[in-house]
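Results of the structural survey
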Amino acid sequence: MRVLVIPDVHLKPWMFEQAAVLMCEKKADRAVCLMDIPDDWGKEYDIALYEQTYDAAIDFAKEFPETAWCYGNHDLSYLWHRLESGYSSMAAYTVQRKLLDLRDALPENHPIRYVQKIDNVLFSHGGVLDYFAESVVPKSNYHDVEAVVAAINELGPNEMWNDASPIWLRPQHSNMRLYKTKELLQVVGHTPMNMITKEGNLISCDVFSTYQNGKPIGTEEFLLLDTETWECSGVK
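Residues numbered from 1 in each chain as written. Predicted model: local features only at pLDDT ≥ 70, side-chain atom pairs only at ≥ 80, totals over all residues. Heavy atoms only, no water.

Here's the deal with the overall build of the protein chain
Rule in force here: For helices the rule is a DSSP run of H or I covering at least 4 residues; for strands it is a run of E covering at least 2, with both sets numbered from the N terminus onward. Note that the radius of gyration is over C-alpha atoms, with the globule rule given as 2.2 Å times the number of residues to the power 0.38. We call a residue buried when its accessible area falls under 20% of the maximum for its residue type, exposed when it is over 50%, and partly exposed in between, using a 1.4 Å probe and counting protein chains only. By definition in these notes, contact holds between two residues if any of their heavy atoms fall within 4.5 Å. In this count, Lys and Arg are taken as positive residues and Asp and Glu as negative ones, while His and the chain termini are left out. A charged residue contributes its charge at one atom only: NZ of Lys, CZ of Arg, CG of Asp or CD of Glu.
In terms of helices and strands, the protein chain carries seven helices and 10 strands. For 236 residues, the compact-globule formula gives about 18 Å, and the C-alpha radius of gyration of the protein chain, at 17 Å, lands near that figure. With the principal axes as the frame, the protein chain shows a C-alpha extent of 50 × 40 × 35 Å. The buried share among the 236 residues of the protein chain stands at 57%. Here the analysis covers contacts within the protein chain between residues at least 6 apart in sequence; of these, 68% occur between residues at least 24 apart. Averaging the coordinates of the 21 positive side-chain charges in the protein chain and doing the same for the 35 negative ones gives two points 3 Å apart.

Structure (structure tokens):
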């Protein structure tokens, strides 16, 4: 399956518009969004931009209902009332309301999750560590990827609001082993990159984030991935 990955959004509604064009051009069979939809440098009071960005996400979800959505730390900070860099108390009600609208726009069989699995590829905001997977299932279920993913997706803020969880992990900056490195590919956002990067079984694709002055850090390309062959490229 060809998958188009929409990485961290951070109040850029045009990302969904560009992704919709690519989907309509049949560049991919399905999309995955790694979310972090709210918050960006100096935008705490621009409530209209928060509304516009979520409306773009909701429109995309309705047009492409097979899209898989993965919670990011910035999304969950508003649902769980956990302060986060860039958190806007002015926009908190808007984010909470619009996240519920986004949930309601999704088919029942495609809810927002921490981790989404397509073929032998795991999509999450930050990544799934080996020891984190071991901690959520009995040892006898460790090799059952579906069981591990299901168990992670049942966790709450007490287990997820830490640096080792799939919403916070930065595997690019760690030597810690990812879950089942010989069998699974993992695709993550969260950590700004200059370009889409594949190292071992990890693809990092947050290339739309910006510096504080608004200058792009990365190439602003969407990841296009074949989930069977693991061949990948960037596309605009």
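Looking at helix H4 (residues 92-105)
Stated formally: Each residue after the first adds 1.5 Å to the expected span of a helix. Each C-beta atom gives one direction from the helix axis, and the arc is the one those directions make.
An ideal rise of 1.5 Å per residue puts 20 Å on 14 residues; H4 measures up with 20 Å between its terminal C-alpha atoms. Looking at H4, one finds that the buried residues are Ala92, Thr94, Val95, Lys98, Leu99, Leu102 and Ala105. Across the axial projection of H4, the buried residues extend over an arc of 150 degrees, all falling on one side. Exposed residues pointing more than 90 degrees away from the buried face of H4 are listed as Tyr93 and Asp104. Residues of H4 that are buried sit in contact with helix H2 (47-63), strand S3 (68-69) and helix H3 (73-79).

A word on the packing of aromatic side chains
Going by this rule: Pairing of aromatic rings covers Phe, Tyr and Trp, the last through its six-membered ring, and needs centres within 6.5 Å; plane angles under 30 degrees mean stacked, over 60 mean edge-to-face, and all others mean tilted.
Counted according to the given criterion, the structure contains 11 aromatic pairs. Relative to Trp161, the ring of Trp80 lies with its centre 6.2 Å away and its plane at 75 degrees, an arrangement referred to as edge-to-face. On the criterion of sequence distance, the pair formed by Trp80 in the loop between H3 and H4 and Trp161 in the loop between helix H7 (157-160) and strand S6 (185-188) is long-range, its members being 81 residues apart. Across the pair, Trp161 and Trp80 agree in class, each one buried. Note on Phe208 and Phe222: the rings are 4.9 Å apart at their centroids and 45 degrees apart in plane angle, and the pair reads as tilted. Of this pair, Phe208 sits in the loop between strand S8 (202-204) and strand S9 (222-226) while Phe222 sits in strand S9, and the two are 14 residues apart along the sequence. On the basis of relative accessibility, which here comes to 0%, the residue Phe222 falls in the buried class. An aromatic cluster is present here, built from Tyr71, Trp80, Tyr114, Trp161 and Trp168 joined pairwise through their rings.

Points about the sheet that holds S3
Heads up, the condition is: Strand pairing is assigned whenever DSSP detects at least two bridges linking the two strands.
Across the sheet, which stays open at both edges, the five strands sit in the order S3-S2-S1-S9-S10 with mixed pairing between neighbours. In this open sheet, the two edge strands, each paired with only one partner strand, are S3 and strand S10 (232-235). Where strand S1 (residues 2-6) and S9 come together, four bridges link them in antiparallel fashion. The residue of S9 that forms the bridge with Val3 is Leu225.

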